[in-house]
Amino acid sequence: MRKHNGIRSWEITSESNFLKRRDFLRETGLIAGAGLAAAVLPGGLTAGVRDLETVAGPYSTDEKPNSWEEVTTYNNFYEFGTAKDDPQRNAHSLVTSPWTVKVSGECDKPGDYHYEDLVRPHVLEDRVYRHRCVEAWSMVVPWVGIPMPDLLKHFAPNSNAKYVRFKTLYDPKQMPGQRRSVLKWPYVEGLTIAEAMHPLTLMVVGVYGRTLPNQNGAPLRLIVPWKYGFKGIKSIVEIEFTRRRPRTSWELSAPREYGFYANVNPEVDHPRWSQARERRIGGGLFAAKQPTLMFNGYADEVGELYAGLDLRKNY
Ligand code: MTE
């Protein structure tokens, strides 16, 4: 794990990826062209993708990031279908600009905030995080984001704010997967205020130095690297500070399988499969699974948040 070093973390971890990215941007005209531009991405997906100004953030892993192709074509985003390649094929129907986030509940500065006004005041950080899905696969992803405590401070949460509830857009016209009741829509997730205010928690606006492709949760999504990937709610339109613990979509649909905490824990199995090991995407069909780390390898940073909590009961 690396702390600040003044250069983009993923430039070191994957120089060839960085060079590929510059080529990609040049080929698609994004380096020369200023501001928003429509780019045709591999796989034929058209998306408004923009290069971002970033600095290296803390906490990046030294592991090699997964490729752009892997990160943007192997996704979970049930609003666009339940197969891994559905989101990259279907998410073009999501309109991400203009985008407004409604902030409400136990805070002094509620309101409707435009995406640009939320993002502009912040220095965007590159952070290469391990990304562990509850389905026992993992990736390493060079996210770009705003540390969540910096973002949430704008809304001045008060002392009653014990939890933060996040909600995805609900619009079956743009999100055809919402016409099927595979989950309780809209997708809802939640964190304790201490988890939300932890410096590892990121409001992600990009990946690989560019704005998020729709299939990864454009224009902004949560990443909590010590929790299973389903906590990383995509395409957020509401942030609410609450006194009570919010009920999340996965908890509502299968409470025995998906708890509120969802901390990565190799010692607590999912009722239908083991969580002790994980398959790294891109490792090939015959690659050995690797051991899953407690809190996904972030135990030194976040273990104390759960001191005294029975992690078998509070899964
Ligand atoms: N957010 C919404 N709104 N809908 C979803 O289906 N899937 C979750 C999470 N966020 C999901 C979501 C799950 S199960 C995972 S593993 C991650 O997004 C996947 O993020 P990625 O596709 O960027 O890797």
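A quick note: this is a predicted structure, and the numbers were derived from the prediction, not measured.

Visitor: Explanation requested: the overall build of the protein in the structure shown.
Guide: When its secondary structure is counted, the protein shows 9 helices and 15 strands. By the burial criterion, 55% of the 315 residues in the protein qualify as buried. Long-range contacts, defined as pairs at least 24 residues apart, comprise 71% of the intrachain contacts of the protein with a sequence gap of at least 6. Split by element, the accessible area of the protein, about 13,900 Å² in all, is 51% carbon and sulfur.

Visitor: Please explain the pairing of strand β14 (residues 277-280) as it appears in this structure.
Guide: Sheet faces and side chains relate simply in a regular strand, where the side chains alternate between the two faces. Every second residue of β14 is oriented toward a common face, the buried set being E278 and R280 and the non-buried set R277 and R279. Sheet topology note: the strand β7 (residues 137-147)/β14 ladder contains 2 bridges and is parallel. When the bridges of β14 are listed, W137 appears paired with R279. In the sheet, β14 pairs with strand β15 (residues 290-291) via 2 bridges, with the strands oriented antiparallel.

Visitor: Hey, could you run me through the nonpolar core in this one?
Guide: One recurring pattern in soluble globular proteins: nonpolar side chains tend to sit buried together. Formed by 75 residues in total, the largest nonpolar core has its most connected members in W143, F155, F166, I239 and F241. A per-element tally of this core places β7 first, with 6 residues. Ignoring any residue separated from it by four or fewer positions in sequence, one finds W143 in contact with E125, D126, R127, Y129, H131, L202, V204, G206, V207, L212, R221 and I223.

Visitor: Can you walk me through the site of the ligand in this structure?
Guide: Residues in close proximity to the ligand total 17 residues, the closest being Y78, E79, H131, G232 and K234. One of the side-chain nitrogen or oxygen atoms of K234 is found 2.7 Å away from an oxygen atom of the ligand. Relative to its unbound accessible area of 540 Å², the ligand is 98% covered by the protein chains. Partitioning the shell around the ligand into residue classes produces 7 nonpolar, 7 polar and 3 charged.

Visitor: Help me understand the sheet that holds strand β5 (residues 111-114) in this model?
Guide: Taken together, the 5 strands give an open sheet; going across it, the order is β5-β4-β13-β8-β9, and neighbouring strands pair in mixed fashion. For this open sheet the edge positions go to β5 and β9 (188-192), each flanked by a neighbour on one side alone. The sheet shows a mean angle of 20 degrees between the axes of neighbouring strands, taken without regard to direction. Strand direction decides the pairing type here: strand β8 (residues 163-168) and strand β13 (residues 236-242), joined by 6 bridges, are antiparallel. Bridged to T168 within β13 is I236.

Visitor: Is there a simple way to explain the pairing of β9 in this structure?
Guide: Among the 5 residues in β9, 5 count as buried, and that is most of the element. Residues V188, G190 and T192 point to one face of β9 and E189 and L191 to the other, with burial holding for every one of them. Pairing of β8 with β9 involves 5 bridges; the strand directions are antiparallel. Considered in β9, the bridge of R165 is made with G190.

Visitor: Looking at this model, I keep getting lost on the environment of T61. Mind explaining?
Guide: Along the chain, T61 falls in the loop between β3 (54-56) and α3 (68-73). On the basis of relative accessibility, which here comes to 6%, the residue T61 falls in the buried class. Residues T61 and P142 lie 81 residues apart in sequence; the distance between their C-alpha atoms is 9.5 Å. Polar contacts involving the side chain of T61 include one to the side chain of R130, which spans 3.4 Å.

Visitor: Got a minute to help me understand the pattern of salt bridges in this structure?
Guide: Think of it this way: side chains of opposite charge can pair up when their charged atoms draw near. Per the stated rule, a full pass over the model turns up 17 salt bridges. Salt-bridge contacts for R120 lead to D117; the nearest nitrogen and oxygen are separated by 3.3 Å. For R120, a relative accessible area of 62% corresponds to the exposed category. A residue is classified by how much of its surface remains accessible, and D117, at 40% relative accessible area, is partly exposed. Where E195 meets K227, a salt bridge forms, and the shortest distance between an N and an O atom there is 2.7 Å. Taken together, the positions of E195 in helix α7 (residues 193-196) and K227 in the loop between β12 (221-223) and β13 put the pair 32 residues apart, joining distant regions of the chain. With a relative accessible area of 2%, K227 lands in the buried category.

Calculation criteria
Residues numbered from 1 in each chain as written. Predicted model: local features only at pLDDT ≥ 70, side-chain atom pairs only at ≥ 80, totals over all residues. Heavy atoms only, no water. Helix = DSSP H or I, 4+ residues; strand = E, 2+ residues; numbered from the N terminus. Buried < 20%, exposed > 50% of the residue type's maximum accessible area, 1.4 Å probe, protein only. Contact = heavy atoms within 4.5 Å. Areas by Shrake-Rupley, 256 points an atom, 1.4 Å probe, with all protein chains shown as cover. Pairing = 2+ DSSP bridges. Core = buried A, V, L, I, M, F, W, Y, C linked by side-chain atoms within 4.5 Å. Near = heavy atom within 4 Å. Polar contact = N/O pair within 3.5 Å; in protein donor to acceptor, adjacent residues only side chain to side chain. Nonpolar A, V, L, I, M, F, W, Y, C, P; charged D, E, K, R; others polar. Axes fitted to C-alpha atoms, helices over the stretch in contact; angles between N-to-C directions. Salt bridge = Lys/Arg side-chain N within 4 Å of Asp/Glu carboxyl O.

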